[in-house]
Amino acid sequence: MKKPSLRTLNPAKFLKAGPNREARIMATEAKPLPKLNEYPANKIAIALHPKKQVVKVTNIVERASGVKSYTLKATTDTPIAYFSAGQYIVVNLQIGDYLLTRPYSISSSPKQAQVDNEYELTVKRVDGGLASNYILDNWTIGTEVTISAPAGNFTYEPLRDAKTVVGLAGGSGITPFVSLAKAIADGDEDANLMLLYGCATKNDMLFKDELDAICEKCDKVKVVYVLSNDKLEGAEEGFLSAELIKKYAPEGDYSVFICGPQGMYNYLDTQLPLLGLRKKFIRHELFGEYRNPQANADYPECVEKSVKITVVCRGDATTIEADTNDTILVSIEKAGIPAPARCRSGSCGWCRAKLTSGDVYIPKDVDGRKLADYDYGYIHPCCSFPLSDITIEIFKK
Amino acid sequence: MRTQFDVIVVGAGNGGLAAAATTARAGLSTLLLEKHNVPGGSASTFRRGRFEFEPSLHELCSVGTKENPQKIYNIFKELGCEIDWRYEYNTFRAICDGEDGYDVKLRAGFDNFCDDMEKAVPGSRESVKAFFDLVKKNDEALAYVYEKKGNPNPLVMLFKHADFLKSASHSTEEVEIALGMPEKARNIMNTYWGYLGVPTDDLNAMHYLSMVGSYVDDGAAMPYKRSHELSLALEKSITDAGGEVWYNAQVSKFLYKEDGSCCGVQLQDGTELYAKEIISNIIPNNVYGMSDPKFVPEKELKLANARTLGMTFVTIYVGLDCSKEELGIEDYTIFKMPFPNPREQFNRREEGTYYVFNCLNEVIPDASPKGTCMLFFTVPLMPGDLPENLTQYNYKKWKNELAEVYIKDCEKSMGFDIMSHIEEISVATPVSFARYLGTPNGEVYGYQNENWDSVINRSQAQFTDFTVPHLHYCGGHSVMGDGFSSAYITGHDTGIRVVNSIKGGK
Ligand SMILES: Cc1cc2nc3c(=O)[nH]c(=O)nc-3n(C[C@H](O)[C@H](O)[C@H](O)COP(=O)(O)OP(=O)(O)OC[C@H]3O[C@@H](n4cnc5c(N)ncnc54)[C@H](O)[C@@H]3O)c2cc1C
Ligand code: FES
């Protein structure tokens, strides 16, 4: 056998490669290039994830005492961003100097976004709350609001979830499920929904008429009302217990989706283990604003009530007073410094910032940081609490 | 807020990070601008539940080890970065369907690789060995070209480096055929083409050789905490040296002086920033779109028109609620191909199931919690491949259906039970890359490295292709083509060039 060699190839070709390339370039027309937003992939990316959307309140419905739904419609010809049932949008508010953001689940259907260019948010009055009460007291028809693109992962994923979702909703935690029920009825999601909706009394039930109407026309959606403090024909009494879930869950695999107040999560923590479900079949909506870190066993002792936070943004520093009971994000917002945030639950990373000095407390269960972020001093201010004077570098909103 | 710097770098991708670290550490006041809120561009991570996924890195080439450091190892070291490198010493397993199909696994190390290839294709050893011998010859020639700053003496090249000239001006397959490599061995050898995005009949042999050579010689490296570790290490290198990194800082305009030289950038919020030298880690096409047309040289526009946008992907990230052992996974990288020939794989990509399968736990066992594992599917696509009727409304459905096809194919051809174990899943497409990287049509690989525009041709023309004074380019779209290592190297090189021009007037 001959020894392999490159004898048959011509090295002189190399000398021509440069001139050939040059000739090819010069023979090409210098056409203007397409604009970035004209490429199909970029077009869809921009449509689904606009930086912000300006919308107007076009309808307000009182769902119960202290609970209202707001229809938010696009104000320009650009279609409102489509979403998956279960996602939320972030509302930007300014209350005096206080700049804040809050996530709200979309309670309307994806179809309504597609056809009517609108989302519906449902807001419940919270004792001592700020944003929700502000919205309820101030938004009227015509109010303009700046919101984010839809975000969040509390969505039905056909490749991951079981065919049937057992939805465990508490109080205003019903909103993402209303969207999901509608999406199933519209044929936009291919799943079955067995919704167990827990409320204290029948006066607290939201969307009952809408849900009953969906069940009427779509046999993939079923709703059971569960009242802890009241009676109603056809409704269950008590809490969303393991026993109740077993009673209504289908044979075989099912996914449990949970959205409700903290008390309900705490109760379910005692109930879900009794069902022996695999982790993949249990999905929680975000927990929202973290309160009372001091109550945790691993919270350090002797922390001052008030500390100083030096906030650095693009090289400029501002020092503010902060309550150690407030998250760092809240303190920054209270000082009127615009700061990026979305989920406010520690998981999306949107608020990510660099702690350059001082100590903070981060509750373990909401620490959603990336591994390498730990090593390089990055934290999520939405669920971090200052323990001493600190310096933090935030990125512009 | 400071608005005047020695150097502004636009884009904190791998190229931009390396460039900014190089200039900052040389004592130049450096500002790195990034539109996203994390560094890295492609080199990042994202979390879902208890998993943290690596979005892009399969394997990093040209790293080497502490004992035998290669280019990338040295760059990180020089920039003061401590990286916890992990290694993979198999190159790949390749499974090809069909009558002339095969299922082979090749270990790293030139001798191992030749042995394994000989086993798969008896009689191939000599040609495979000869192919790898070219790697060394190429290195010598390249060192000479580099020494001569891209202008070597043609006679020296012809007499001393003829084999280099041949492989530098012919396609990978032309070289392999000349060496008498059997067809099946060629197909197996060319499995990696997807990493460069150009089928091997139009992919420069020198370019392909240097990549394959590096994987076979040193194995592949990966950082323990995924790409985010690399990006943060470089970010720290910049800020430790006094440089600034601004996130959520999208550049919307490049600023020029009347004489046509670049002097700064404008951010989306209107802030104007100025520097002596501007380094763009973003693709020239986008820079032109952000420049007054009168400052875009006609030849650059011609070049952009003559080029094809590089490859992009559909990627599927899966977190499973069982260990890789339970599934029987024993390989880090498996290439799955419906046809043996790269050109056919490329041309028929829409009908077939060509993909790369990775299981990170194979290299980093604790990359995910005990009793779980992570899979990563990569399907190469060209930027124009999106279905015509794709809209924001049917997008999610489309990507889920696509993901299902590939996962099911993997179940069938490799026998892993994946579907019933999916605890987390995320599917990225060119739309996702368009969103996060901001590249035209979501391209990831810059411009196609077709042979007329090969790395070697690009590097010869690097000082004549781009002529705007004080504006420099680095990253996957530049001289060396795509890939982490290319981006780091061009970033580092560009940084050095800028340092020299500011400090020494060179
Ligand atoms: C799925 C996938 C798999 C891959 N696998 C591998 C592999 O296994 N091995 C390998 O070596 N390579 C791999 N690559 C390729 C590699 O990731 C890229 O070639 C390399 O990261 C390119 O680096 P870059 O410097 O060009 O930056 P890019 O990653 O393109 O980053 C550019 C940066 O600029 C920012 N930017 C854009 N526009 C603006 C603006 N107007 N203002 C401010 N900032 C802006 C972007 O946000 C981004 O951060 C893979 C890529 C992908 C996506
Ligand atoms: S806002 Fe989502 S992590 Fe802080």
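So, how was this worked out
Residues numbered from 1 in each chain as written. Chains lettered and ligands numbered in written order. Predicted model: local features only at pLDDT ≥ 70, side-chain atom pairs only at ≥ 80, totals over all residues. Heavy atoms only, no water. Near = heavy atom within 4 Å. Polar contact = N/O pair within 3.5 Å; in protein donor to acceptor, adjacent residues only side chain to side chain. Areas by Shrake-Rupley, 256 points an atom, 1.4 Å probe, with all protein chains shown as cover. Helix = DSSP H or I, 4+ residues; strand = E, 2+ residues; numbered from the N terminus. Phe/Tyr/Trp six-rings, centres within 6.5 Å; stacked < 30°, edge-to-face > 60°. Lys NZ or Arg CZ within 6 Å of the ring centre and 35° of its normal. Pairing = 2+ DSSP bridges. Axes fitted to C-alpha atoms, helices over the stretch in contact; angles between N-to-C directions. Contact = heavy atoms within 4.5 Å. Domains from an automatic or database assignment. Buried area = accessible area lost by both parts, 1.4 Å probe. Salt bridge = Lys/Arg side-chain N within 4 Å of Asp/Glu carboxyl O. Nonpolar A, V, L, I, M, F, W, Y, C, P; charged D, E, K, R; others polar. Buried < 20%, exposed > 50% of the residue type's maximum accessible area, 1.4 Å probe, protein only. Core = buried A, V, L, I, M, F, W, Y, C linked by side-chain atoms within 4.5 Å.

This part covers the site of ligand 1. All names here are of chain B. The environment of ligand 1 is made up of 36 residues, and the closest members are Gly15, Glu34, Ser56, His58 and Gly476. One of the side-chain N or O atoms of Asn14 is found 3.0 Å from an oxygen atom in ligand 1. Here a nitrogen atom of ligand 1 sits 2.8 Å away from a polar atom, N or O, in the main chain of Val251. Against a free-state accessible area of 1,000 Å², the protein chains account for coverage of 96% of ligand 1. Counting residues per element, the ones that place at least two in the shell around ligand 1 are α1 (14-25), β13 (312-320), α17 (430-437) and α20 (484-504). In terms of residues, the shell around ligand 1 owes the most to one element, α17, which gives three residues.

Looking now at the packing of aromatic side chains. All names here are of chain B. Summed over the entire model, instances satisfying the criterion amount to 41 aromatic pairs over all chains. Ring geometry for Phe76 against Trp85: centres 5.8 Å apart, planes inclined by 85 degrees, an arrangement best described as edge-to-face. Taken together, Phe46, Phe51, Phe53, Tyr317 and Phe376 form an aromatic cluster joined through their ring pairs. Taking the ring centre of Phe346 as reference, the NZ or CZ of Arg349 above it sits at 4.5 Å.

Let us now look at the sheet that holds strand β16 (residues 373-381) of chain B. Residue and element names in this part refer to chain B. With mixed pairing, seven strands are arranged side by side in an open sheet as β7-β6-β14-β15-β16-β13-β17. In the strand order of this sheet, the two ends are held by β7 (102-107) and β17 (422-428), each with one partner. Sheet twist, expressed as the mean angle between neighbouring strand axes with direction ignored, is 15 degrees. Contacts between helix α3 (residues 110-120) and the sheet are confined to β6 (90-96) and β7, with β7 contributing the most and set at about 165 degrees to the helix.

All right, on to the pairing of strand β3 (residues 88-95) of chain A then. Residues and elements named next belong to chain A. As paired elements, β3 and strand β4 (residues 98-105) share eight bridges and run antiparallel to each other. Following the sheet pairing, Ile89 is matched in β4 by Tyr104. As consecutive antiparallel partners, β3 and β4 are separated by two residues, and within that stretch Gly96 has a phi angle of approximately 65 degrees, a positive value.

Turning our eyes to something else, we now look at the domain arrangement of chain A. Residue and element names in this part refer to chain A. For chain A, the assigned domains are domain 1 (48-147), domain 2 (164-284) and domain 3 (303-394). Between domain 1 and domain 3, the contact holds nine residues from the first and eleven residues from the second. Among the residues of domain 1 in contact with domain 3, Tyr98, Leu99 and Thr101 are the three that bury the most area, contributing 53% of the side total. For the pair domain 1 and domain 3, the number of links is zero salt bridges. Put simply, domain 1 and domain 3 have three residue pairs in polar contact (both at pLDDT 80 or more) between them. Broken down by secondary-structure element, the contributors of at least two residues to the side of domain 1 that touches domain 3 are β3 and β4. Among the elements that take part in the side of domain 1 that touches domain 3, β4 stands out by supplying six residues, more than any other. Along the lines of polarity and charge, the residues of the side of domain 1 that touches domain 3 split into six nonpolar, one polar and two charged.

Looking now at the pattern of salt bridges. The full count for this structure, using the stated rule, is 54 salt bridges over all chains. Here Asp133(B) and Lys129(B) are joined by a salt bridge, their closest N and O atoms 3.8 Å apart. Of this pair, Asp133(B) and Lys129(B) both sit in helix α4 (residues 125-147), four residues apart, which is roughly one turn of that helix. Using a relative accessible area of 38% as the deciding quantity, one classes Asp133(B) as partly exposed. Looking at Lys129(B), the relative accessible area reads 40%, which means it is partly exposed. Asp163(B) is the salt-bridge partner of Lys137(B), the closest N and O atoms lying 2.7 Å from each other. With Lys137(B) in helix α4 and Asp163(B) in helix α6 (residues 162-169), this residue pair connects regions lying 26 residues apart in the sequence. Its relative accessible area of 38% is what places Lys137(B) among the partly exposed residues. Salt bridges sharing partners connect three or more residues here, namely Arg21(A), Glu22(A), Lys299(B), Arg307(B), Asp453(B), Arg458(B) and Asp465(B).

Residue position: Thr175(A) is located in helix α5 (residues 175-185). In this structure, Thr175(A) is in contact with Ser105(A), Ile106(A), Ser107(A), Thr122(A) and Phe207(A), ignoring residues within four places of it in sequence.

Residues and elements named next belong to chain A. Within the secondary structure layout, Ser384 lies in the loop between β17 (378-379) and β18 (385-386). Of the residues examined, Ser384 reaches a relative accessible area of 0% and is grouped as buried. Dropping the residues within four chain positions of it, Ser384 is found in contact with Thr327, Ile328, Tyr361, Ile362 and Ile379.

Another aspect to go through is the nonpolar core. One finds Trp85(B) and Phe132(B) to be the most contacted residues of the largest nonpolar core, which totals 107 residues. Per-element accounting of this core gives the leading share, seven residues, to helix α10 (residues 205-218) of chain B. For Phe132(B), the residues in contact, after removing those within four places along its chain, are Phe110(B), Phe113(B), Cys114(B), Met189(B), Val212(B) and Val216(B). Core analysis: the next-biggest nonpolar cluster, separate from the first, contains 31 residues, Leu180(A), Ala183(A), Tyr197(A) and Cys199(A) among them.

Moving on to the domain arrangement of chain B. All names here are of chain B. Under the domain assignment, chain B is made up of domain 1 (4-83 + 224-308 + 448-503), domain 2 (114-215) and domain 3 (312-381 + 387-428). The C-alpha-based centres of domain 2 and domain 3 are spaced at 30 Å. With 13 residues of domain 2 at the interface, the matching set in domain 3 holds ten residues. Of the roughly 1,000 Å² buried between domain 2 and domain 3 on both sides combined, carbon and sulfur atoms contribute 61%. The three residues of domain 2 that bury the most area against domain 3 are Asn187, Thr191 and Trp193, which together make up 48% of that side's buried surface. The interface formed by domain 2 and domain 3 holds one salt bridge in total. Arg343 serves as the salt-bridge partner of Asp201, at 2.7 Å between the closest nitrogen and oxygen. Inspection of the region where domain 2 meets domain 3 yields three residue pairs in polar contact (both at pLDDT 80 or more).

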